[in-house]
Amino acid sequence: VTPPTSRTQAARRRAVAAKRTAATAAAAGFLAIALLARGSDPGQASPAASGSNAGSSVTSQEQDDFSLDPGSLTQSSGSTPSAKTSVS
Amino acid sequence: VTIAASATWYAARSGGMLAYLLVSASVVVGLLMSGRAKLKRWPRFALEDVHRFLGILAGAFIVVHGGALLLDGFLPFTLGQLLVPGTAPYRPLAVALGVVAAELLAALAVTNLFRKRLPHHLWRRVHMLNFAVWALALVHGLTAGTDALTTWALLLYAGSAWLVFALLVHRVSLDWGTAATTLRKEKQWQ
């Protein structure tokens, strides 16, 4: 026969269970978001992935053009010298 | 080498997004506690335990985010660029918001360690800066995140932001309600 547990002990056990669930969910979420990010890359999209996300493929390509193009990165930080060089 | 490089890049993106979500979850639990939510099965100490744990977990994923960016060769960051706001080679302002958020979170974690030595009202006011951490992380994710404009990322940002705002409005309305009741009672006594 198990001894009756107090409400405090029960709450403490629930907190431990919630923390374990949070850690597991975080690990699973980490992998899931990494896979979603991989699916967003036009070069990495597998046929199955592109089939299920056919509507978002255009957005993904636009996104990658926007964020990963080194030219746009240089422009955003201000690259007037290269422009002057090409003019002269 | 390509696979390893890609792995660090995806780990950086995923780690950052997850850190933001965990900060959001920690803020949500904090708002539930301060809003005096009556949860029979969840006494304050248990909620506080989970709240603290979510903050630590968020910190761990911030380390994953920064560490992966440091190792990744696609956007070469130095340790100095990850620690000093505004020195990043990629979107300096947007990255600076994330750096400030992470450093502020670390500073708030230190104040939590010395919570018992600090006057409660001071600790509580400083603890409110967690809202700034959350807001900075949200703007950092939206402006620096390479996945920010994808449907799934927008849904995650919008869902978490809505939840935090809804609870914050509820919390503020509770304060206003209490203040109005106190004022009414004072007037009755006069």
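Residues numbered from 1 in each chain as written. Chains lettered and ligands numbered in written order. Predicted model: local features only at pLDDT ≥ 70, side-chain atom pairs only at ≥ 80, totals over all residues. Heavy atoms only, no water.

**A closer look at the packing of helix 4 (residues 92-113) of chain B against helix 5 (residues 120-127) of chain B**
Residues and elements named next belong to chain B.
Consideration 1: At a closest axis distance of 10 Å, the pairing of helix 4 and helix 5 adopts a crossing angle of 160 degrees. Comparing the axis directions of helix 4 and helix 5 gives the class roughly antiparallel. Seen along the crossing, helix 4 lies across helix 5 with a hand that is left-handed. Contacts from L108, T111 and N112 in helix 4 reach W123, V126 and H127 in helix 5. (Axes fitted to C-alpha atoms, helices over the stretch in contact; angles between N-to-C directions. Helix = DSSP H or I, 4+ residues; strand = E, 2+ residues; numbered from the N terminus. Parallel < 35°, antiparallel > 145°, perpendicular 65-115°, else oblique. Left-handed = near helix turned anticlockwise from the far one by under 90°. Contact = heavy atoms within 4.5 Å.)

**Points about a nonpolar patch on the surface**
Consideration 1: A cluster of nonpolar side chains, namely L70, L79, L83 and V84 of chain B, defines an oily patch on the protein surface of about 340 Å² accessible area.
Consideration 2: Structurally, the position occupied by V84 of chain B is in the loop between helix 3 (79-83) and helix 4. (Patch = residues over 30% accessible without salt bridge, like charges linked within 9 Å, V, L, I, M, F, W, Y side chains within 5 Å. Areas by Shrake-Rupley, 256 points an atom, 1.4 Å probe, with all protein chains shown as cover. Salt bridge = Lys/Arg side-chain N within 4 Å of Asp/Glu carboxyl O.)

**Re the interface of chain A and chain B**
Consideration 1: Tallying the contact residues gives 27 residues for chain A and 35 residues for chain B.
Consideration 2: In total, about 2,700 Å² of surface goes out of reach between chain A and chain B, with carbon and sulfur atoms giving 70% of it.
Consideration 3: Where chain A touches chain B, the interface holds 1 salt bridge.
Consideration 4: In this structure, D49 of chain B and K19 of chain A form a salt bridge, with 3.1 Å as the shortest nitrogen-oxygen distance.
Consideration 5: Applying the counting criterion to the chain A and chain B interface returns 6 residue pairs in polar contact (both at pLDDT 80 or more).
Consideration 6: Of all the elements in the fold, those that place two or more residues in the side of chain A that touches chain B are helix 1 (7-40) and helix 3 (57-68) of chain A. (Buried area = accessible area lost by both parts, 1.4 Å probe. Polar contact = N/O pair within 3.5 Å; in protein donor to acceptor, adjacent residues only side chain to side chain.)

**Notes on the environment of W134 of chain B**
Residue and element names in this part refer to chain B.
Consideration 1: Among the structural elements, W134 can be located in helix 6 (residues 129-144).
Consideration 2: The class for W134 is buried, based on a relative accessible area of 4%.
Consideration 3: Note: C-alpha distance between W134 and A101 (33 residues apart in sequence) is 7.5 Å. (Buried < 20%, exposed > 50% of the residue type's maximum accessible area, 1.4 Å probe, protein only.)

That is the geometry; function is a separate question.
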